[in-house]
Amino acid sequence: MKLITLKGTPAEIGHQHGELLQEEVRRVWDFYSGALFNSRMEQLEEYGYKFLEVVREFRSDYATEIIALAEGAGLASWQIAALNARTEILHNLTDIDVGECTAMYFPCTRALGQNWDWMEELEPLIVVMQIERADGHRILQMTEPGIIGKIGLNSSGLGVCLNMIRGGARTDSVPVHIMLRTILDADSIDEALDILGDAKGTCSNILMADDQGNAVALELAKQSSTIVDYAGESPLHTNHYLSYLQESLDVSKHESFPNSAARFARARALIQQLDSHAGMEELKSILRDTEDPTYPICRDYLPSSGHRVGTVASVLMDLTGRALHVTQGNPSLNTYTRFSL
């Protein structure tokens, strides 16, 4: 798995990203724009410029990074902005429904992780990226080339995971991958929540946790957001709402609900069998689980929405040790590689 290190100002970080991963960024763009968006370039350009302005109003430094990334990769700024808003564009241009990620956190041992279930074409392209800002703040994340924020942790011991939820997305709100980067640029959960404010727009759950045993699962819908109350249980999330946020779609009535509910129930049962000392190895064991033949936590690539969908990567975070453990592909078939800050 490729590891790249980016350092400096937002413009320097963006340009290095585009230059070092030029081929991979172009391949990711070709995949999303062609295979998923059917080469609807006029619509993609319109979306790209619109989201670039949304990002600029939210955090101008991210807009600067995106523009520099585009220059380094030899693409237009709207193309990279569209990549960073690819989730929102997917919701609005397609009816693809393949969000099948499972995320969890063990507070006692500060172990956070998830399987990222998505399309097979992305498996050879994923990259581990270390970002070092000019002020010394560092980020270690697994991401898709061209996307500036995803699943990872930072030098303050703060980590983040993502689950998509059926229900859609707005085109005037901050893209969820930009929210993930915002969290990774923060020094604490409270700071991240303050910056995000009343975040909403893309139906999803953002699970953030720190090296002190604190965690927040922030569920987002089109018009509102809320924090999940786990009542003392270890935070766990799949792809349906655990709170009252049903405004975009009653997920329990959607055909994808049995899948999400089954994985949630299986992971919860496995977690309840563990003691307080359970950590990275136990987390890996759960994310490798294939006990349910119909809705396994760890999924082989199978046809879905015209593509082959399965577990593209498994990403674990040792928040105390500031280390990322990642598989390129299914964790039941591939070993974890450790990357450290």
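Whatever comes next refers back to the structure up there.
K.L.:
What is the right way to read the sheet that holds strand β4 (residues 127-133) from this model?
P.N.:
Sheet strands line up and pair through hydrogen bonds in the backbone, either parallel or antiparallel. Taken in spatial order, the eight strands line up as β1-β4-β5-β6-β7-β8-β9-β10 in an open sheet, and their pairing is mixed. The sheet terminates laterally at β1 (2-8) and β10 (225-227), the two strands that pair on one side only. Between one strand axis and the next, the sheet turns through 20° on average, direction left out of account. Strand direction decides the pairing type here: strand β7 (residues 158-169) and strand β8 (residues 202-210), joined by eight bridges, are antiparallel. Across the sheet, the residue bridging to N163 is N205, located in β8. Relative to β7, helix α6 (residues 86-93) is tilted by about 15°, and along the sheet it contacts β7 and β8.

K.L.:
What am I meant to see in the side chain of H307 here?
P.N.:
Mapped onto the elements of the fold, H307 is located in strand β13 (residues 307-318). Taking relative accessible area as the criterion, H307 reaches 13% and is therefore assigned buried. Setting aside residues no more than four positions away along its own chain, H307 makes contact with F31, A35, L36, M119, E121 and L302.

K.L.:
How should α6 be read in this particular structure?
P.N.:
Because the α-helix completes a turn every 3.6 residues, residues three or four places apart line up on one side. The buried fraction of α6 is high, at six of eight residues. Of all the positions in α6, only R86, T87, E88, I89, L90 and L93 are classed as buried.

K.L.:
Explain the packing of helix α5 (residues 77-84) against α6 here, please?
P.N.:
The interhelical angle for the contact between α5 and α6, taken along N-to-C directions, is 80°, at an axis separation of 5 Å. Taken together, the axis directions place α5 and α6 in an arrangement best described as roughly perpendicular. In contact with A82, L83 and N84 of α5, α6 contributes R86, E88 and I89. Each residue belonging to the contact of α5 with α6 can be placed in one class, and the counts come to three nonpolar, one polar and two charged.

K.L.:
Mind showing me how you'd approach unusual backbone geometry here?
P.N.:
A negative phi holds for most residues other than glycine; trans holds for most peptide bonds. In this structure, S39 takes a positive phi of about 55° despite not being glycine. Along the polypeptide, S39 turns up in the loop between α2 (22-36) and α3 (41-58). Although it is not a glycine, A231 adopts a positive phi angle of roughly 50°. Looking at where A231 falls in the secondary structure, it is placed in the loop between β10 and β11 (236-237). Judged by relative accessible area, A231 falls into the exposed class, the value being 67%.

K.L.:
Is there a simple way to think about the nonpolar core in this case?
P.N.:
In globular proteins that are soluble, nonpolar side chains generally tend to be buried together. In terms of nonpolar packing, the biggest core is built from 92 residues, with Y32, W116 and I206 touching the most fellow members. In contact with I206, not counting residues within four places along its chain, are V160, C161, L162, V176, M179, L180, I183, V216, A217, L218 and L220.

K.L.:
How do you make sense of the pairing of β7 when you look at a structure like this?
P.N.:
Working note: regular strand, side chains alternate between the two faces of the sheet. Among the 12 residues in β7, 11 count as buried, and that is most of the element. Here strand β6 (residues 151-154) runs beside β7; their pairing, made up of two bridges, is antiparallel. Bridge pairing in β7 places L153 opposite G159. Linking β6 to β7, which pair antiparallel, is a turn of three residues; within it G157 sits at a positive phi near 80°.

K.L.:
Explain the packing of aromatic side chains here, please?
P.N.:
Geometry of an aromatic ring pair is reported as the spacing of the ring centres plus the angle between the planes. Summed over the entire model, instances satisfying the criterion amount to four aromatic pairs. Three or more aromatic residues link up through ring pairs in this structure, and these residues are F31, Y32 and F37.

K.L.:
Looking at this structure, I do not really get the packing of helix α4 (residues 60-73) against helix α7 (residues 176-184). What am I missing?
P.N.:
Packed helix pairs are specified by the crossing angle of their axes together with the interaxial distance, meaning the distance between the axes. Look at α4 against α7: their axes get within 12 Å of each other, and the N-to-C directions meet at 115°. The orientation of α4 relative to α7 falls into the category roughly perpendicular. Taken as a pair, α4 and α7 cross one another with a handedness that is right-handed. For the pair α4 and α7, the contacting residues are Y62, E65 and I66 in the first and I178, R181 and T182 in the second.

K.L.:
When you look at the pattern of salt bridges in this model, what are you seeing that I'm missing?
P.N.:
Summed over the entire model, instances satisfying the criterion amount to 16 salt bridges. A salt bridge links E281 to K284; its shortest N-O distance comes to 3.6 Å. Taken together, the residues E281 and K284, both in helix α10 (residues 280-287) and three residues apart, mark about one turn of the helix. Assessed through its relative accessible area of 8%, K284 is described here as buried. One salt-bridge network, held together by shared partners, links E65, R133, D135, R181 and D185.

K.L.:
Help me understand α2 in this model?
P.N.:
With 15 residues, α2 should cover 21 Å at 1.5 Å per step; its first-to-last C-alpha distance of 21 Å lies within 8% of that length. Directly after α2, the chain includes N38, whose backbone phi takes a positive value near 55°.

K.L.:
Can you walk me through the side chain of N239 in this structure?
P.N.:
In this structure, N239 sits in the loop between β11 and α9 (257-272). At a separation of 3.2 Å, a polar atom in the side chain of N239 contacts the main-chain amide nitrogen of C101.

K.L.:
Can you walk me through the state of the cysteines in this structure?
P.N.:
Disulfides are covalent bonds that connect the sulfur atoms of two cysteines. Under the counting rule described, the total for this entry stands at zero disulfides. Of all cysteine sulfurs in the structure, the one in C101 sits closest to C161, which takes part in no disulfide; the separation is 9.4 Å. The cysteine C203 is free of any disulfide, with C101 supplying the nearest cysteine sulfur at 15 Å.

Conventions used here
Residues numbered from 1 in each chain as written. Predicted model: local features only at pLDDT ≥ 70, side-chain atom pairs only at ≥ 80, totals over all residues. Heavy atoms only, no water. Pairing = 2+ DSSP bridges. Helix = DSSP H or I, 4+ residues; strand = E, 2+ residues; numbered from the N terminus. Axes fitted to C-alpha atoms, helices over the stretch in contact; angles between N-to-C directions. Contact = heavy atoms within 4.5 Å. Buried < 20%, exposed > 50% of the residue type's maximum accessible area, 1.4 Å probe, protein only. Parallel < 35°, antiparallel > 145°, perpendicular 65-115°, else oblique. Nonpolar A, V, L, I, M, F, W, Y, C, P; charged D, E, K, R; others polar. Core = buried A, V, L, I, M, F, W, Y, C linked by side-chain atoms within 4.5 Å. Phe/Tyr/Trp six-rings, centres within 6.5 Å; stacked < 30°, edge-to-face > 60°. Left-handed = near helix turned anticlockwise from the far one by under 90°. Salt bridge = Lys/Arg side-chain N within 4 Å of Asp/Glu carboxyl O. Expected span 1.5 Å × (residues − 1). Polar contact = N/O pair within 3.5 Å; in protein donor to acceptor, adjacent residues only side chain to side chain. Disulfide = S-S within 2.5 Å.

These figures capture arrangement, not role.
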